[in-house]
Protein chains: 4
Amino acid sequence: MTQLGIIGLGRMGANIARRLAANGHQCVGYDPSSDAAAALSDSGVETVNSLSDLLARLTPPRNIWMMVPSEKVDALLDELRSGLSKDDLVIDGGNSYFREAQRRAQDLAALGVNFMDVGTSGGVWGLERGYCLMIGGTASDVARLDSVFSTLAPGVDAASPTPGRASNSGTADQGYLHCGGHGSGHFVKMVHNGIEYGMMAAYAEGFQLLSNAVEQIEGFDFECGEVAELWRRGSVVESWLLDLTAKALVADPKLEELTGRVSDSGEGRWTVQTAVELGVPAHVLGAALYQRFSSRGEADFANRTLSAMRREFGGHSESQ
Amino acid sequence: MTQLGIIGLGRMGANIARRLAANGHQCVGYDPSSDAAAALSDSGVETVNSLSDLLARLTPPRNIWMMVPSEKVDALLDELRSGLSKDDLVIDGGNSYFREAQRRAQDLAALGVNFMDVGTSGGVWGLERGYCLMIGGTASDVARLDSVFSTLAPGVDAASPTPGRASNSGTADQGYLHCGGHGSGHFVKMVHNGIEYGMMAAYAEGFQLLSNAVEQIEGFDFECGEVAELWRRGSVVESWLLDLTAKALVADPKLEELTGRVSDSGEGRWTVQTAVELGVPAHVLGAALYQRFSSRGEADFANRTLSAMRREFGGHSESQ
Amino acid sequence: MTQLGIIGLGRMGANIARRLAANGHQCVGYDPSSDAAAALSDSGVETVNSLSDLLARLTPPRNIWMMVPSEKVDALLDELRSGLSKDDLVIDGGNSYFREAQRRAQDLAALGVNFMDVGTSGGVWGLERGYCLMIGGTASDVARLDSVFSTLAPGVDAASPTPGRASNSGTADQGYLHCGGHGSGHFVKMVHNGIEYGMMAAYAEGFQLLSNAVEQIEGFDFECGEVAELWRRGSVVESWLLDLTAKALVADPKLEELTGRVSDSGEGRWTVQTAVELGVPAHVLGAALYQRFSSRGEADFANRTLSAMRREFGGHSESQ
Amino acid sequence: MTQLGIIGLGRMGANIARRLAANGHQCVGYDPSSDAAAALSDSGVETVNSLSDLLARLTPPRNIWMMVPSEKVDALLDELRSGLSKDDLVIDGGNSYFREAQRRAQDLAALGVNFMDVGTSGGVWGLERGYCLMIGGTASDVARLDSVFSTLAPGVDAASPTPGRASNSGTADQGYLHCGGHGSGHFVKMVHNGIEYGMMAAYAEGFQLLSNAVEQIEGFDFECGEVAELWRRGSVVESWLLDLTAKALVADPKLEELTGRVSDSGEGRWTVQTAVELGVPAHVLGAALYQRFSSRGEADFANRTLSAMRREFGGHSESQ
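This is a predicted model, so every value here is computed, not measured.

A. Broad picture of the overall build of chain A. The helix and strand inventory of chain A stands at 14 helices and 8 strands. Principal axes of the C-alpha set define a box for chain A whose edges measure 75 × 45 × 45 Å. Pairs at least 24 residues apart make up 65% of the contacts formed inside chain A by residues separated by at least 6 positions. With an accessible surface of roughly 10600 Å², chain A has 48% of that area assigned to carbon and sulfur atoms. Counting 26 positive and 40 negative side-chain charges, chain A places the averaged centre of each group 3 Å from the other.

This is the structure:
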């Protein structure tokens, strides 16, 4: 079993700590919010009140898993740096840009401190389902945390075997993978999130089409939620995202509780920017991102420009 | 000079009649609205009070130019049919779907009546600038109306000569062209409008980007209207649409009088549907159309679906 | 148990017949290819040599399931028509355009013959996994074939229950659903396939990004197949399509056996055309379709046009 | 008249020098290639053999216009730096990323050297048509070079007046504009190029549609070049890019001399990346860029992935 410090006990960090503690690892957690720490009181996770307490509490060489928003990582590393010792291993388990991971690895290496980037998928469901872990770093560091990764990951039984795949061919079929050098874990996680945006948009457009059909075509009186449920069995579009969509539509069949202003986060943006950098056509991943911008009114001036042109060349009012 | 009946004296039809009459053609106009007819009182265009008067007033074989919304063409043809004689020529100068033109040509041919489809570009500016005419039909029918077309078209001086182009190579450089068989005129007009949608969207996205930059980047305090004016001279994006955009931005620099609900019409939709039918990738033309749908709220259910998924897998509220 | 005639014993039809026969239904199959019939010899499916034999073999009121390419349905109906009796029920289980289903339902109703459109998903896996059935027609016709549908569908155990969903709320959770009136079954199947195109494109773009990263970024030496396997457990992008992708990448890690000329079929095209008709923004579904066109060289003239413009305004050769 | 050093005498730099010299400015040019310098021998542009000669030849405070590829700017500045004096003004007239301009302005300011970014549009036609100049920097630096800008720009007569625009409202109507602070010139040029990509793609898709129609629809036998010529007069899609397209199609009506592998350059990529950064939906500008990537085979793995999925779920070979 492994001793691990965890910084950041929000939704993700707290559940990671719980899952590790429940499986015999020694977890020491820290969060600036004392409420976050208190919520772990009966989880087997020890919590401390400061970063220095955390560093003191861990036996060198330490393993320190950061689970904080990407924009806070550099400040956190600045605070940690002086307290770190040679051969400590710092893990960024959040959603940082992969080039930042490469830079941080280099910076810490100058101090003799190891760094690993671990893209962590699973959201609020990870405690129960396990986390899919995309790991970038050195082979020795990955080996050092192997028991942590195998505990966090869903394990081989979480999906049926892939036909033809040798049973002893690495850890991917357990739900964690050493992808490559520094940054590659966050890179693969970034692409994962990009695909997620694209899949979500595909469903969203499809459900909009169903919704418009119900309004416009006589006799088409299906419920979107029933169709989502239907597609969960035997269709080509089966997925976990569809399962969640079906669940959401049970609770609120017209989704009337939502406004439709869709947030986006760093990974979706980095995916498109990196696709451009690497020369990859990203029609779908890009459109999925832009749709979210539009949903928040970011095409308003563009739209008014279109209306202005139509008025000028055709004398059209906006409603014509 | 040619005698021509014109049915439909709206913005387009009235100006076509004016331009023809001003250049010596004999125009007889009809519109169900007496106001529309009255507005032509000092234009040299004769107006009549009914379709039957129109038919009576024209000397067979008649030339009848319909300038009505595409959804009214079949009803109009139904009214006209019994009054038409062999060798009459009916022109659809509006924006009809090209397959309808093909069908109508066939239907009228059974009566010995000729049909021609003329895609007509120029909007409210055509009276002054001339109309760009995209013509589908038989060579003999096109020849029969050549003097009408050459009057309506802008003429060769409207643009500088294309280097390398033989001066006697057809009528395209005067602004009218016999494109091919029935339907091809409306087809070429449809593609023209599809391109128009795409160009408009390219400008609109660019101006949104300028607008966001002014808000978000310190020291970027340009006016969109000044940039539009700037690009009118010496840039690669010079165009008539840009001229119109610059004009609109002089009058209303933030386009605050507009709501940004952008209408679309048949040709934009037909372009995308026809691209799909012919297997043509229409990323840009499609996106331009969809953007208009979105501007009118047609992605709202899709957006709420996205928010619902985000809430389910990540516990994200809409503002996170 | 129900007696059912099946016309068309290709991949889909034969397996449907097998699954029904294996579960006690009386299936009579017909295919113009005697090989197709012969392949069912030990399946419990009875086969006949002609349409008239099929009609003779079934006890009126007959149930006749057509499983043929959409472009052959009208010809088949023409052949069948004279042999059908009042209250026979004809099912189109293939991928027809939903408006054709509406027309056919109306045409057959004039003869007193019932019609039902059943979108059938499951591909070559349906025999084993069951078929997801999207049904359009009258309630009484759907009830008449309920035992057939419940046999073909995967059944409730094929997926975990949706939290909050009442266990007695219809058949969707068994994998079949009466969607609405005539055409609605094919409509929902069409949208399903549209979403499928979009999801596939999202994955495809993601894997292209991974592939380019391996080539362009030092130290990023992952295998796409390992990443696909990884994402099957605990990630947000888990899906059946991903399972299949992982399987394909085990067998051919670089996909070198394929040329990348991607076919498309009617449903993908109809989805985009219908989205346009109903005013639905289909950025992702459209892009997925256009990408397939491009993969087959359908953007070649467009690309040469771009190169021509670049040469003209900038003097750029194609490699600059 | 102004004394100006020009570094980089390629297509753009040489013509800028010629246009300035022809209008009485004192131009001193330098290019590492002696051929480039020699080509200016009878242009009135003085050329020198080294950067140090250039610096020596100019009277402080110097004006130095760099016209080199963006990836060479930093190296050039490194070479120049030690020779620059307080109040010298360095202009980057090339296509650099706007944030680089901001950084360079700051770096040079530390030496008391002024910096200006001037986005320069006009391509090989600028000598004759004049250049559209998008300028970022301080008001005093812009004033210092006003006579240079007014000489390079096309001038007010290059386009008809914009209705409603006051004749004394700034320089935009002459074809140059002080857009704002450092970087804003390159920013506006970047957006210009993004729009250019989008417009080009709109035309390209339209011409592909025309081309496919000629192949697939009977009786549609138009020439794309004739249609391009047609649209130059009176249509809504009139533009300079269309003029160039018409010209290219005269010389090579099927564009058979081109391969259709379309290059892209920094500004197109920066536009999309910046749109993402600023939260601007860039469906059209993005698609235009991705199409160029695809034209060079960058979607090949994506396409093979699609074919692989189709084979797995449907048993489809690639040609089905």
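B. Highlighting the environment of Ala-287 of chain D. Mapping Ala-287 of chain D onto the fold places it in helix 13 (residues 283–295). We classify Ala-287 of chain D as buried; its relative accessible area is 6%. The spatial distance from the C-alpha of Ala-287 of chain D to the C-alpha of Ala-109 of chain D is 39 Å, given a sequence separation of 178 residues. Once you skip the residues sitting within four places of it in the chain, Ala-287 of chain D turns out to touch His-283 of chain A, His-283 and Val-284 of chain B together with Ala-282 of chain D.

C. Structural context of the pairing of strand 6 (residues 114–121) of chain D. Residue and element names in this part refer to chain D. When you tally the buried positions in strand 6, you get 7 out of 8 residues, the bulk of the element. Examined bridge by bridge, strand 5 (residues 89–92) and strand 6 share 4 bridges and lie parallel to one another. The residue of strand 6 that forms the bridge with Val-90 is Phe-115. Once the chain exits strand 5 it traverses helix 5 (residues 98–109) before rejoining the sheet at strand 6, and the crossover so formed is right-handed. The sheet contact formed by strand 6 and strand 7 (residues 132–136) spans 5 bridges and is antiparallel. Paired with Val-118 across the bridge in strand 7 is Ile-135.

D. Representation of the relation of the copies chain A and chain B within the structure. For these two chains of identical sequence, chain A goes onto chain B by a turn of 180° and a shift of 0.0 Å along the axis, with RMSD 0.0 Å. The superposition of one copy onto the other is thereby described by a two-fold rotation axis. Mapped onto chain B, 100% of the interface residues of chain A are again interface residues, and the two copies thus contact each other with one and the same surface.

The rules behind these values
Here the residue numbers are simple positions, counted from 1 along each chain's written sequence. A letter from A marks each chain and a number from 1 marks each ligand, given out in the order of writing. Under the rules for a predicted model, residues below a pLDDT of 70 receive no local features and side-chain atom pairs below 80 are neither given nor counted, while totals for whole chains, interfaces and linings still include all residues. Only hydrogens and water are removed before side-chain values are computed, so all heavy atoms of the structure are retained for them. Secondary structure elements follow DSSP: runs of H or I no shorter than four residues count as helices, runs of E no shorter than two count as strands, and numbering proceeds from the N terminus. The contact rule is simple, with two residues in contact once any of their heavy atoms fall within 4.5 Å. Here the open area of atoms and residues is found with the Shrake-Rupley method and a 1.4 Å probe, where only the protein chains shown may cover a residue. Under this rule, positive means Lys or Arg and negative means Asp or Glu; His and the chain ends count for nothing. To locate a charge, take NZ of a lysine, CZ of an arginine, CG of an aspartate or CD of a glutamate. Exposure categories follow from relative accessible area, calculated using a 1.4 Å probe and restricted to protein chains: below 20% of the type maximum is buried, above 50% is exposed, and the middle band is partly exposed. Note on pairing: two strands pair once DSSP finds at least 2 bridges between them. Assignment of crossover handedness uses the view with strands pointing away from the viewer, where a clockwise path from the first strand over the helix to the second indicates a right-handed crossover. A residue counts toward the fit only if its pLDDT is at least 70 in both copies, and the copies are then superposed by least squares on the C-alpha atoms of those residues.

Such coordinate-based values are descriptive only and should not be taken to indicate function.
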